[in-house]
Amino acid sequence: MTSTATSAGTETAGRRPATGPPGRLRRAGVLLSGVALAVAAVGLQTLGLDRQERTAHLTWTGRLGDEVAASRFSARVKAIRAARTIETTDPGDRVQRATTSGIFLIADVGATANREPQKFGPPVLLAGDGRRYTATDKVDSSLTITNPYIQVGWWAESVAVFEIPAEALTGSRIVLAPRNGFAGEAFLPEVEIDLGLDEAAAQSLISNAKDVYQLASKK
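The notes below deal with the structure included here. What you see as residue numbers is a count from 1 along each chain, following the sequence as written. Whole-chain, interface and lining totals are the exception, using all residues; otherwise, since this is a predicted model, local features are given only for residues with pLDDT of at least 70 and side-chain atom pairs are given and counted only at 80 or more. Note: side-chain values were computed over all heavy atoms of the structure, leaving out hydrogens and water.

**Here's the deal with the overall build of the protein**
- For the protein, the count of helices and strands is three helices and 10 strands.
- Reading the secondary structure of the protein in the N-to-C direction produces α-α-β-β-β-β-β-β-β-β-β-α-β.
- The buried label applies to any residue whose accessible area, calculated with a 1.4 Å probe on protein chains only, is under 20% of its type's maximum; exposed applies above 50%, and partly exposed to all values in between. Counting only residues that meet the buried cut, the protein has 33% of its 219 residues in that class.
- Pairs at least 24 residues apart make up 72% of the contacts formed inside the protein by residues separated by at least 6 positions.
- Methods summary: accessible areas were calculated by the Shrake-Rupley approach with a probe of 1.4 Å, and residue burial reflects only the protein chains presented. Within the structure as shown, the protein displays about 13,600 Å² of accessible surface, and the carbon and sulfur contribution to it stands at 51%. Per the convention used, a helix needs a DSSP run of H or I reaching at least four residues, while a strand needs a run of E reaching at least two, with both numbered from the N terminus. Contacts: residue pairs with any heavy atoms within 4.5 Å of one another.

Printed below as a string of structure tokens:
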């Protein structure tokens, strides 16, 4: 049996003598190993989230006319109007009309970035009954708030257009969120803006809906 007893000047069995301070390459290797472990930990945290958590948002709320400041952008809905037909003119001066059996809601939207330029994903209208309506594809996206880059230092102004059943207006809210996340951003920021439409206000908006709304085309 191998003895592990020690005495002055005698090494413990199985222990190596010290070799002096680690060299630069060894220290670099330890550092890289630490970075790799940190990256792996982040990856494991992401894998540990279910699909709903990975697509979750942090939400900032406000009302029609408010400037709502989220973590990396600010946005506002300045005004809303309703229409039964939307008319646009393409670069070749051809008039195009979009019609609906329901109603179009047109929202005047503005946004500015706090840190880096970014683009919005398709806006969403949340109806009072919980249904979600993505901005219509009957209007060319180049005419809407999803087209411009939201820049730092000035406001981009455009519209969000929704095709919805008239009854979806009551209690509705508009949600604006960036198209992509930033590195290290666990949850996408979004703003949710209450349009202030109780039943009476929704009926008034419907009653005053334009037969044809001309949406300005960008040339």
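**A few points about the side chain of Thr85**
- Tracing the sequence through the fold places Thr85 in strand E3 (residues 73-89).
- With sequence-adjacent residues up to four places away left out, Thr85 is seen in contact with Arg97, Ala98, Thr99, Phe104, Lys210, Asp211, Val212 and Tyr213.

**A closer look at the environment of Gly181**
- Within the element layout of this structure, Gly181 appears in the loop between strand E8 (173-176) and strand E9 (188-194).
- The spatial distance from the C-alpha of Gly181 to the C-alpha of Gln118 is 9.5 Å, given a sequence separation of 63 residues.
- Gly181 has contacts with Arg72 and Leu188, leaving out every residue within four places of it along the chain.

**A short note on the pattern of salt bridges**
- Salt bridge, as applied in this entry: a Lys or Arg side-chain nitrogen positioned within 4 Å of an Asp or Glu carboxyl oxygen. In the structure shown here, the tally under the stated rule is nine salt bridges.
- With a closest N to O distance of 3.9 Å, Asp194 and Arg63 form a salt bridge. Here Arg63 lies in strand E1 (residues 57-63) and Asp194 lies in strand E9, a separation of 131 residues in the sequence.
- Put simply, Glu87 and Arg97 hold a salt bridge, and the shortest N to O gap is 2.9 Å. One end of the pair, Glu87, is in strand E3; the other, Arg97, is in strand E4 (residues 95-113), with 10 residues separating them in the sequence.
- The class of Glu87 is buried, set by a relative accessible area of 13%.
- One connected set of salt bridges, linked through shared partners, spans Arg76, Lys78 and Glu157.

**Observations regarding the side chain of Ser158**
- Within the secondary structure, Ser158 sits in strand E7 (residues 156-164).
- Polar side-chain contacts of Ser158 include one of 3.2 Å to the backbone oxygen of Leu143.
- Within polar-contact distance, the side chain of Ser158 engages the backbone nitrogen of Ile145 at 3.3 Å. In the analysis that follows, any N or O atom pair within 3.5 Å is treated as a polar contact, provided that within protein one partner can donate a hydrogen and the other can accept it, and provided that, for residues neighboring in sequence, both atoms belong to side chains.

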